[in-house]
Each structure stands twice: as structure tokens, then as C-alpha cells.
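Analysis of the macromolecular model
Residues per chain are reported as follows:
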Amino acid sequence: MGEIEIYYFSGTGNSLHIAKELEKRIPDTKIIPLVKFLNQEMVETSAKTVGFIFPIHMAMSPVPVRKFLEKLNLKSVEYIFAIATRVGTQHRAFVDVEDILKKKGKVLDSFFSLNMASNDPKFDDWHEATEEEIAHLEVELQSNLDLIQEIITNKEKSRKKDTTFTREMPAFSIISVFLPFFSRFYSVKFYSDSKCVGCGTCEKVCLSGKIKVVNEKPLWQKDVPCFSCYACINYCPQQAIQIKSPPLVKTYTEVNGRYSHPYATLKDIAMQK
Ligand SMILES: Cc1cc2nc3c(=O)[nH]c(=O)nc-3n(C[C@H](O)[C@H](O)[C@H](O)COP(=O)(O)O)c2cc1C
Ligand code: SF4
Ligand code: SF4
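This is a predicted model, so every value here is computed, not measured.

**Here we look at the environment of Leu147**
Following the sequence through the fold, Leu147 ends up in helix H4 (residues 131–153). The exposed category is assigned to Leu147, around which 11 C-beta atoms lie within 10 Å. Between the alpha carbons of Leu147 and Ala270 there is a distance of 30 Å; along the sequence they are 123 residues apart.

In C-alpha cells, the structure reads:
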């Protein structure tokens, strides 16, 4: 096992891209998809440094990431960091992570938020990031990664207040307290439209195993949780998957495009499970 282990969760490749960049930059680093471990009671690590990389979902850390953290035995670990990729809102992900670590007698030594393209096409003001926008974000990312690489390598503490968000949420500190409660009752509805050709891609990339293609149509199984990774909607080659998202009246996914990170193939996403 590597000296540094990075556990990642990625629906459309943004977080995977960051994990791969750090693996390239920091010697003796191993990147590991965390979804594979979710059926285990307990996950062991013997690494001295452990990191977590994941997207922001509804201003929080994704549920599977928190589930994984609960299972991870961190006894041998000396340094812990987390990196959240997001489109740009404020979030409470590091509070979530630290709450779990505290129960294990650990702290989150360093955390960083990185702004990337949005993979959530359900809103009216959404557009698929252009090549220029992705290139511009990449320049910023690389300079942030220079700093992050140095901090991790030297096992420094870096717990800076987030000032790099691009979308401020008014009264966020109050809202954030209610988010975990609210999110339990909020769900979107996925469906496939007449463009579906029954190719099975959505089942292949579905990180939670919720989608099963039956009679050449995807079925979102009621008894299987959804990880909200949005791999299904973004990797469907026909753009046939739509999202109804109350209280929005219009289904904006019917007119919006889709996004996945240019370096992330659907194989890269599917191999996480
Ligand atoms: C269900 C869902 C909710 C999201 N919520 C937020 C959010 O609250 N704030 C934000 O900045 N980005 C949000 N995003 C955007 C993603 O965090 C961002 O695009 C991320 O980099 C995707 O990473 P991935 O490709 O590794 O999954 C959301 C995306 C999805 C699919
Ligand atoms: S990926 Fe798209 S086209 Fe293929 S089965 Fe799923 S919904 Fe249908
Ligand atoms: S149903 Fe779609 S969003 Fe939910 S876990 Fe599967 S691929 Fe991800």
C-alpha cells in the first residue's frame, strides 16, 4: 500500500481528475475509488496520510462519502485532508467530514475547495462548460494544486475559511444547519424519454446500482438508494435521461446539454464500483 492513500468519489470525472493529478504529482500516492467498499462492514488502511476527494452535493458531502468515512479505520493515520470539487457555492462538507473524524479521535488537518464545471443540468441558467471555460478553470486548478501538493507533502495544516466561492448563499451559516434534515426529504425524479435506445450505458455507470435496464428501458429501482452522482444523465449517449426537480416546474434537462470531464470516460466512472 502507498504511503498516501486518496479515496475518491466522482460522478462525472471532476473529482477523479483532481485525484489523478495528485497521484501524478506526489510520489508513493495511490488513488482508490471508495464506492467499492460500501458493502464492507469495516475498511482498513495502513497509510500514514489519507485524503478524500469528492463533489459537493446540495452544499454537503455526498452520502456515500460519509458512509465510507464511518467504516474507515483510521488508527494508523497521521495526516488527513479533504478536497471538495464544486461549481461554486458555499458548503458544509468539511463540517460533515470532521464530525465523523471527531468520533474516531481524529481531525481534518487540511481542506480545500476547487471550482470546476457543473455536472447538474437541471437548472434554467445551466450551460455545458465550453472548452475555453474548462481550459480557464484548469489553469486555476493547476496553480491551486501546486499549493495543495506542497501542503500535503509537508503534512502542513491548512484550514482556511472558504473565500473562493463564486455563488454566495445569503444566511448560509443558518441554512447549513438545516441542510442534512431538509435533504432527507428532497428527491428528484429521473426518467428516460423516447430517445432511449436501450443501450445499457446508464446501468453500467450507475454508481449505486439503482438503475437496471429491463426490456431495453432503464428502471430506477425503488429499494436501491441513489447517490446523486448524475453519471446516468450525463453519460447517456442519447441525452435521453431527464430530471424532474420540484419545485421547478419546467424540465430544463430537455433543453440543456450534458457535462462530463473531458478526460473521464464512462469506463473510468463505472470502474469505481
Ligand atoms: C446533485 C448535485 C448537486 C450539486 N450541488 C452543488 C452545490 O450545492 N454546490 C456546488 O458548488 N456544486 C454543486 N454541484 C456540482 C458538482 O459539485 C460539481 O460539478 C463537481 O465538480 C462534480 O464532480 P464529479 O464530476 O467528480 O462528480 C452539484 C452536482 C450534483 C450532481
Ligand atoms: S444510457 Fe440512455 S439510451 Fe442507453 S439505456 Fe440508458 S437511457 Fe437508454
Ligand atoms: S441513478 Fe443516476 S444519479 Fe443515482 S446513483 Fe445511479 S447514476 Fe448516479
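**Description of the site of ligand 3**
Around ligand 3, a shell composed of 15 residues is seen, among which Cys206, Ser208, Cys226, Cys229 and Cys232 lie nearest. Considered class by class, the residues forming the shell around ligand 3 number 12 nonpolar, 2 polar and 1 charged.

**Observations concerning the nonpolar core**
With 62 residues, the main nonpolar core has Tyr8, Ala231 and Cys232 as its most contacted residues. The element that contributes the greatest number of residues to this core is strand S6 (residues 79–86), accounting for 5 residues. Among all residues touching Ala231, those that are not within four sequence positions of it are Gly11, Thr12, Val205, Cys206, Leu207 and Ile269.

**Details of the sheet that holds strand S4 (residues 49–55)**
Reading across from one edge, S2-S1-S4-S6-S7 is the order of the 5 strands in this open sheet, with parallel pairing throughout. Each edge of the sheet is formed by a strand with only one pairing partner; in this case those strands are strand S2 (29–33) and strand S7 (110–115). Taken pair by pair, the neighbouring strands of this sheet meet at an average axis angle of 20 degrees, ignoring direction. When S4 meets S6, the two strands line up parallel, connected through 7 bridges. Bridge pairing in S6 links Phe54 to Ala84. Sheet contacts for helix H3 (residues 93–103): S4, S6 and S7; angle to S6, the most-contacted strand, approximately 150 degrees.

**Concerning the domain arrangement of the protein chain**
Under the domain assignment used here, the protein chain contains domain 1 (4–153) and domain 2 (187–270). Computed over C-alpha atoms, the centres of domain 1 and domain 2 are 23 Å apart. Contact residues are listed per partner, giving 24 residues for domain 1 and 24 residues for domain 2. For the side of domain 1 that touches domain 2, the leading source of residues is helix H1 (residues 14–25), giving 3 residues.

**Quick notes on the site of ligand 1**
Ser10, Gly11, Ser15, Pro55 and Arg86 are the nearest of the 26 residues found near ligand 1. Where the shell around ligand 1 is concerned, the elements lending two or more residues are H1 and S6. Top contributing element to the shell around ligand 1 by residue count: H1, with 3 residues. Tallied by class, residues from the shell around ligand 1 come to 9 nonpolar, 15 polar and 2 charged. Taken domain by domain, the shell around ligand 1 gets at least three of its residues from each of domain 1 (4–153) and domain 2 (187–270).

**Here's the deal with H1**
Compared with an ideal rise of 1.5 Å per residue, which puts 12 residues at 16 Å, H1 spans 17 Å between its outermost C-alpha atoms and is within 8% of the ideal. When we look at burial in H1, the residues that qualify are Asn14, Ser15, Leu16, His17, Ile18, Ala19 and Leu22.

**So, unusual backbone geometry**
The omega torsion of the bond from Pro246 to Pro247 falls at 10 degrees, within 30 degrees of zero and hence cis. Relative to the helices and strands, Pro247 resides in the loop between strand S11 (241–244) and helix H8 (266–270). Within the chain, Ala171 stands out as a residue other than glycine whose phi angle is a positive 55 degrees. Summarising the element assignment, Ala171 is placed in the loop between H4 and helix H5 (172–185). The phi dihedral of Glu216 is positive, around 60 degrees, even though this residue is not glycine. Here Glu216 shows up in the loop between strand S9 (211–214) and strand S10 (217–220). The class of Glu216 is exposed, set by 10 C-beta atoms lying within 10 Å.

Cut-offs used in this document
Counting restarts for each chain: residues are numbered from 1 in the order of the written sequence. Both sets of labels track the order of writing: A upward for chains, 1 upward for ligands. Per-residue local features of the predicted model are confined to residues with pLDDT of at least 70, and side-chain atom pairs are confined, for both listing and counting, to 80 or more; whole-chain, interface and lining totals are unaffected and use all residues. Secondary structure elements are taken from DSSP: a helix is a run of H or I of four residues or more, a strand is a run of E of two residues or more, and numbering for both begins at the N terminus. A residue is called partly exposed when the number of other C-beta atoms within 10 Å of its own lies between 12 and 20, exposed at 12 or fewer, and buried at 20 or more, with C-beta atoms placed from the backbone. Being near a molecule or strand means, for a residue, that its backbone-placed C-beta atom lies within 6 Å of it. Think of it as three bins: nonpolar holds Ala, Val, Leu, Ile, Met, Phe, Trp, Tyr, Cys and Pro, charged holds Asp, Glu, Lys and Arg, and polar takes everything else, Gly as well. Joined through C-beta atoms within 7 Å, a set of buried Ala, Val, Leu, Ile, Met, Phe, Trp, Tyr and Cys residues constitutes a nonpolar core. It is the C-beta atoms, placed from the backbone, that decide contacts: two residues are in contact if theirs lie within 7 Å. Whether two strands pair depends on DSSP finding at least two bridges between them. Helix axes use the C-alpha atoms of the stretch in contact, all axes being lines fitted to C-alpha atoms, and the angles between their N-to-C directions lie in the range 0 to 180 degrees. The domain boundaries here were taken from an automatic or database domain assignment. What a helix is expected to span follows from its residue count: subtract one and scale by 1.5 Å.

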